[in-house]
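# Notes for the structure review
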Amino acid sequence: MTALLKNVTNCIWYAFDSLQNNDVVHKSKLKVLTANIGTLLDLYGVEKGLDHFRSSQELTFDEFKYYLQHEVFSSLPKTVTLPIIREYEKKISEVCWLVCRKRLLFRDKSVFGDDSVFKLFRIFCLLADLVQDADDTNRYVVVLHPSEAGIVAEQLVHCLGLRWDAADWEALGSSIGHFKWAAFLAVLEAKYCCDQQLHNLALIEAVDEIYDVFIEDIIKKGYLLKRGYLLPTMREYWCVLQPCALTYYKSSSQKEQCGRIVIDEYCSVEASAGDGKIQRFQLITPDRTFEFGTQDHKSRLQWISSLRQATAVSGGAEGYQRRARAGRRGAGARREKEARETKARLQHEVRARLAAEAQAQELAELCEQDNKKLEELRNAQIELEKLLQEETQAKRDEEIVRALQARVLAEEWERREELERLQEEQNRMLEEERMKRKQFEILQAEKEAQYKEAAQRLRDLEDEKQRLDAELKAAQEKISKTELTAHALHVQLRDLSPALRNGERARRAVSFVPTTKSSSDTLIDIKAIRHSKVIDNNENV
């Protein structure tokens, strides 16, 4: 029964993890767990072989799993029906849960009840994978892929009547990555079930609903009208559809089972004509044909689709959800493989494109270099032609310049001759100027001598002037004294003699005394003489 061990490996690992110490568990603890598992499988004494298994008193999980596979589960029959396998899985999960429930139920704030947490634990173990720990390769860890966790969360949200946000879950799954049990339970409780308006009964019913879907493989359940075998009347039953059977009960409590119809790949479903009120369809099995009915056309289509799905997945020893999970994993693996191949092709195409771009860039660079060289050659050709034209023009200009130089040279000779003639004339004029300068110097020397002589004469005249001024001043003083004396005599004569006599005597006295007018004239004549002498001296200078 390798399939049964494979189905319960995750639950057994959680029990082993709760008992381990440094990745190993003592045989005494494992014997108790093995005895309980054997009792559930109607196998007794299977734990005694642990004493002789391995020489050490402690076992790793791989060793313990090897023992269970070869000493316990190998004792079961090879062909076991799917309901019996489900029953075994449920019992083994309950035993493992009793071992690890204390550690798995611990959290700060609980929302789900213990029974609901156990059902979520079974769903988690059903969909999760046992992988090696990335930090420690000798240790295992059970993780749930974000896509599988999203399926469970979406089913729970729909059962609670809430709105599912796929984009929000994508962001959450990308941030968390693979879910461990604690993270999975915390996300369900904190993100989707923390609303105070949700009643505990609603949470329990929602968990039961997804438990029926994932663990019990219930495809659909609801009320159907079934026609009796003996009495052709339509009676209402609560029907539960699974891949292997359609079970119908008296009520939704599912306590009183009224019948069970086995479904396999040989069954078929067909719609039949209704009477207007009841929409009928038939389930055809190899033994007999069953007739069912619904109240509306939509419900009939849903039941027909679900029954056809059940007949399609009825074969095999594994449950429907396990096969669906394997199919999703296979599709996911194929998608991942295709994604890797696509990524590899894209990388190859990118590398090829980059190589082509690099080659094109090299060719473009070479072309650009060739264009540059061609342009340089064209520029060089144009430059050479320009230089050739310039050289030709230069030769022409050179000939013109040579002609001009010859003419200029002739003119230069003429100018030179003219300059020589002018130079000779200039020398002659310089010589004449030199002679004139000598004569001027001689004349200047004579003038200087005359100037000195005139200056000496002027000094003599100044001295003469001062002497004459002094004589003039003395003469003026004598004249003043004489006039005073004459006036005094005139007054005396006028007083002493009669008028006539006075007149005659006065005329005689006046004739001998100089008058004021004659004295003034004498002064003017003296000044004129002095002024004329000074002017003569200046002219001589």
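Residues numbered from 1 in each chain as written. Predicted model: local features only at pLDDT ≥ 70, side-chain atom pairs only at ≥ 80, totals over all residues. Heavy atoms only, no water.

Moving on to the UniProt feature "coiled-coil region" (unreviewed entry) in the protein chain. When the UniProt feature table is mapped onto this chain numbering, "coiled-coil region" (unreviewed entry) sits at residues 357-485. Secondary structure over residues 357-485 splits into 100% helix and 0% strand, and the C-alpha atoms at its two ends are 149 Å apart. (UniProt positions renumbered as here; feature names shortened; annotations may be inferred. Helix = DSSP H or I, 4+ residues; strand = E, 2+ residues; numbered from the N terminus.)

Locating Lys226 in the fold gives a position in strand E5 (residues 220-227). Buried charged residue Lys226 carries no salt bridge. Nearest counter-charge: Glu291, at 9.9 Å. Apart from residues no more than four positions distant in its own chain, Lys226 is found in contact with Thr233, Met234, Arg235, Tyr237, Tyr248, Phe290, Glu291 and Phe292. (Buried < 20%, exposed > 50% of the residue type's maximum accessible area, 1.4 Å probe, protein only. Lys, Arg positive; Asp, Glu negative; His and termini not counted. Salt bridge = Lys/Arg side-chain N within 4 Å of Asp/Glu carboxyl O. Contact = heavy atoms within 4.5 Å.)

Moving on to the pairing of strand E11 (residues 289-294). Here E11 lies mainly inside the structure; five of its six residues are buried. Two elements, E5 and E11, share two bridges in a ladder whose sense is antiparallel. In the strand pairing of E11, Leu225 is matched with Gly293. With six bridges joining them, strand E10 (residues 279-284) and E11 adopt antiparallel strand pairing. Residue pairing in the sheet places Phe281 in a bridge with Phe292 of E11. Hairpin connection, E10 to E11: the antiparallel pair is bridged by four residues. (Pairing = 2+ DSSP bridges.)

What follows concerns the nonpolar core. Ranked by size, the top nonpolar core spans 76 residues in total, and within it Ile12, Tyr14, Leu41, Phe73, Phe112, Phe121 and Trp181 carry the most contacts. Leu41 has contacts with Leu4, Val72, Phe73, Leu76, Tyr88 and Ile92, leaving out every residue within four places of it along the chain. Among the nonpolar cores identified, the runner-up in size contains 21 residues, and Tyr248, Val269, Phe281 and Phe290 belong to it. (Core = buried A, V, L, I, M, F, W, Y, C linked by side-chain atoms within 4.5 Å.)

By secondary structure assignment, the location of Asp212 is in helix H9 (residues 200-214). A relative accessible area of 17% places Asp212 in the buried class. Within the structure, the side chain of Asp212 is placed 2.7 Å from the side chain of Lys221, a separation counted as a polar contact. Setting aside anything within four residues of it in sequence, one finds Asp212 in contact with Asp217, Ile218 and Lys221. (Polar contact = N/O pair within 3.5 Å; in protein donor to acceptor, adjacent residues only side chain to side chain.)

Moving on: a nonpolar patch on the surface. A cluster of nonpolar side chains, namely Tyr229, Leu230 and Leu231, defines an oily patch on the protein surface of about 440 Å² accessible area. As for its position among the elements, Leu231 is in the loop between E5 and strand E6 (234-241). Take Leu231: its relative accessible area is 62%, and that puts it in the exposed class. (Patch = residues over 30% accessible without salt bridge, like charges linked within 9 Å, V, L, I, M, F, W, Y side chains within 5 Å. Areas by Shrake-Rupley, 256 points an atom, 1.4 Å probe, with all protein chains shown as cover.)

As a further point, take the pattern of salt bridges. Across all of its chains, the model carries 35 salt bridges by this definition. Taking the shortest distance from any N to any O, the salt bridge between Arg328 and Glu148 comes out at 2.8 Å. Here Arg328 is found in helix H11 (residues 320-496), whereas its partner Glu148 is found in helix H6 (residues 146-159), with 180 residues between them in sequence. Its relative accessible area of 26% is what places Arg328 among the partly exposed residues. For Glu291, the salt bridge identified is with Arg227, shortest N-O distance 3.1 Å. Here Glu291, found in strand E11, pairs with Arg227, found in strand E5; they are 64 residues apart in sequence, far enough to count as distant. Of the residues examined, Glu291 reaches a relative accessible area of 15% and is grouped as buried.

Moving on, we get to empty space enclosed by the protein. Inspection of every chain in the model, using the stated rule, returns two cavities of 30 Å³ or more. Space inside the second largest cavity adds up to approximately 30 Å³. The wall of the second largest cavity is formed by Leu5, Thr9, Ile12, Phe61, Phe64, Lys65 and Leu68. Counting only elements with at least two residues in the lining of the second largest cavity, the list comes to helix H1 (2-19) and helix H3 (61-72). Examining the composition of the lining of the second largest cavity, we find that four residues originate from one element, H3, more than from any other. Its residues placed into classes, the lining of the second largest cavity shows five nonpolar, one polar and one charged. (1 Å grid on protein atoms, 1.4 Å probe; cavity = no way out; pocket = protein on both sides within 12 Å on 5 of 7 lines; lining within 4 Å. Points joined across faces, edges and corners; volume = space filled by probe spheres on them. Nonpolar A, V, L, I, M, F, W, Y, C, P; charged D, E, K, R; others polar.)

Hydrogen bonds between backbone groups are what pair the strands of a sheet, and the pairing can be parallel or antiparallel. Overall, antiparallel pairing links the seven strands, which are arranged E8-E7-E6-E5-E11-E10-E9 in an open sheet. Single-partner strands in this sheet number two, and they are strand E8 (257-262) and strand E9 (268-271). Between one strand axis and the next, the sheet turns by 35° as a mean value, whatever way the strands run. (Axes fitted to C-alpha atoms, helices over the stretch in contact; angles between N-to-C directions.)

Right, let's talk about the packing of aromatic side chains for a bit. What the rule picks out here adds up to 20 aromatic pairs. With 5.4 Å between their ring centres and 55° between their planes, Phe53 and Tyr67 make a pair best called tilted. Of the two residues, Phe53 sits in the loop between helix H2 (27-40) and strand E2 (58-59) while Tyr67 sits in helix H3, which places them 14 residues apart along the sequence. Phe53 gets classed as buried once you look at its relative accessible area, which sits at 14%. Feature note: the residues Trp13, Tyr14, Trp97, Phe118, Phe121, Phe124, Trp181 and Phe184 constitute an aromatic cluster, connected by ring pairs. (Phe/Tyr/Trp six-rings, centres within 6.5 Å; stacked < 30°, edge-to-face > 60°.)

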